[in-house]
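# Overview (structure and organization)
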Amino acid sequence: LLGESTSSSGSRKRDRSRDRDRDRDRDRDREREREKDRQEEQQDLDIPTLLHMRKQLAAVAGEQLADICKGAEESIAGLIGGRIRQAPTEVKLDILPELVSLPLNWRFVEGPLEDAVTLLLKKQRSGVLLPTLKAAGAAKPSKDAKNILGFLVRWEVKNISQADPKGAASALLSLAETGIEGSAIASMLRPPLLQRLTVPDLVTITSVLAEQGVDADLVKGPLQARVIVSGPALAAVSPEMLLRLAKAASTSPVLAECAIGPVAGAAANSLASWPLESSAELLLLAATAEGPGGKS
């Protein structure tokens, strides 16, 4: 009897164990089904909806929960990247600034995104991509975004020559301020466009390019051709802009040699009306400027 009781007890334990295992298996199967449903539902969300979700998440998180929600934002960015490949026709010019600000897997999406944008840019005018490029510059994108952003800059640069002088100057300055493809922007500062730009606009644009570390020889060309030889036009440039050019030129011996002296000369007649701190800074730059050979 004792043996039969022990055997029966062991059998019941095994049955309970099998029941628990079956319950766990059923729970895991249900969870897999639910996860599959969630993924399918997410895949059906279009790009504007995903962008809206990301905005809502950022608004709820605020500064205090930003780190906690970072993973969720990256997950949404991943879904957006997948959607760009799956449904590139959902990409529109008005959401492009948001897209280039995301931490996307750029190597994964750059091809489909470039194809989608190429179609959108047909019959568009210069300047249409400036909001996108400004957003990209502010977001400080990763190096992997270089190819797609370079494509956008080159499209704008190619079409700048069709704009009026004021529009061309505004576009070039906006592009320069993004810090993207500075060499391509500097290469546009040549005839016939160079002659259409005003001296104050050229002073500002070349200052920004020099500050961005663009090849000094590329910046030197338009400075020598239009700016430092402009005489009264250079003298009429505001003190703030002249000082900015002198400071930017001081970062390169090549630029310092060709620009700081003429800037100081242009400012000579009005230097007495400059703010004391600014005039002292310009005189110091002129006194310490070094040419390529290292001589003041």
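Thresholds, definitions, all that
Residues numbered from 1 in each chain as written. Predicted model: local features only at pLDDT ≥ 70, side-chain atom pairs only at ≥ 80, totals over all residues. Heavy atoms only, no water. Helix = DSSP H or I, 4+ residues; strand = E, 2+ residues; numbered from the N terminus. Buried < 20%, exposed > 50% of the residue type's maximum accessible area, 1.4 Å probe, protein only. Areas by Shrake-Rupley, 256 points an atom, 1.4 Å probe, with all protein chains shown as cover. Expected span 1.5 Å × (residues − 1). Contact = heavy atoms within 4.5 Å. Polar contact = N/O pair within 3.5 Å; in protein donor to acceptor, adjacent residues only side chain to side chain. Salt bridge = Lys/Arg side-chain N within 4 Å of Asp/Glu carboxyl O. Core = buried A, V, L, I, M, F, W, Y, C linked by side-chain atoms within 4.5 Å. pLDDT = per-residue confidence, 0-100. Axes fitted to C-alpha atoms, helices over the stretch in contact; angles between N-to-C directions. Parallel < 35°, antiparallel > 145°, perpendicular 65-115°, else oblique. Left-handed = near helix turned anticlockwise from the far one by under 90°. Nonpolar A, V, L, I, M, F, W, Y, C, P; charged D, E, K, R; others polar.

## Describing the overall build of the chain
Counting secondary structure elements, the chain contains 16 helices and 0 strands. The burial tally for the chain puts 37% of its 296 residues in the buried class. By element, 52% of the accessible surface of the chain is carried by carbon and sulfur atoms, the whole surface being about 17,000 Å².

## Things to note about helix 8 (residues 165-178)
An α-helix turns once every 3.6 residues. As a result, residues three or four positions apart point the same way. Taking 1.5 Å as the rise per residue, helix 8 with 14 residues should run 20 Å; its terminal C-alpha atoms sit 20 Å apart, in good agreement. The complete set of buried residues in helix 8 reads Ala 168, Ala 169, Ala 171, Leu 172, Ser 174, Leu 175, Ala 176 and Thr 178. Against helix 6 (130-139), helix 7 (146-160), helix 9 (182-186), helix 10 (193-196) and helix 11 (199-211) lie the buried residues of helix 8. For helix 8, the N-terminal capping position is held by Asp 164, with its side-chain oxygen 3.1 Å away from the main-chain nitrogen of Lys 166.

## Digging into the pattern of salt bridges
Under the defined criterion, the tally for this structure stands at 6 salt bridges. For Arg 83, the salt bridge is made with Glu 90, and the minimal N-O distance between the two is 2.7 Å. The residue Arg 244 makes a salt bridge to Glu 211 at a minimum N-O spacing of 2.9 Å. In this pair, Arg 244 sits in helix 14 (residues 239-249) while Glu 211 sits in helix 11, placing the two residues 33 residues apart along the sequence. The partly exposed category is assigned to Arg 244, whose relative accessible area is 32%. Note on Glu 211: relative accessible area 42%, which makes it partly exposed.

## A short note on the nonpolar core
In globular proteins that are soluble, nonpolar side chains generally tend to be buried together. By size, the foremost hydrophobic cluster in this structure holds 83 residues, and its most contacted members are Ile 80, Ile 84, Leu 99, Leu 113, Leu 172 and Leu 209. Beyond its immediate stretch of four places on either side in the chain, Leu 99 contacts Ile 47, Leu 51, Ile 80, Ile 84, Val 91, Leu 104, Trp 106 and Leu 113.

## Section: the confidence of the model for the chain
Mean pLDDT over the chain: 85, with 86% of residues reaching 70 or higher. Mean pLDDT values for the elements of the chain range from 64 in helix 1 (residues 2-43) up to 96 in helix 11.

## Regarding the packing of helix 6 against helix 7
Put simply, helix 6 and helix 7 touch, their axes get as near as 10 Å, and they point 140° apart. Relative to helix 7, the element helix 6 is oriented oblique. Considering only the axes of helix 6 and helix 7, their crossing is left-handed. For the pair helix 6 and helix 7, the contacting residues are Leu 130, Thr 132, Leu 133 and Ala 136 in the first and Leu 149, Leu 152, Val 153 and Glu 156 in the second. Split by residue class, the contact of helix 6 with helix 7 holds 6 nonpolar, 1 polar and 1 charged.

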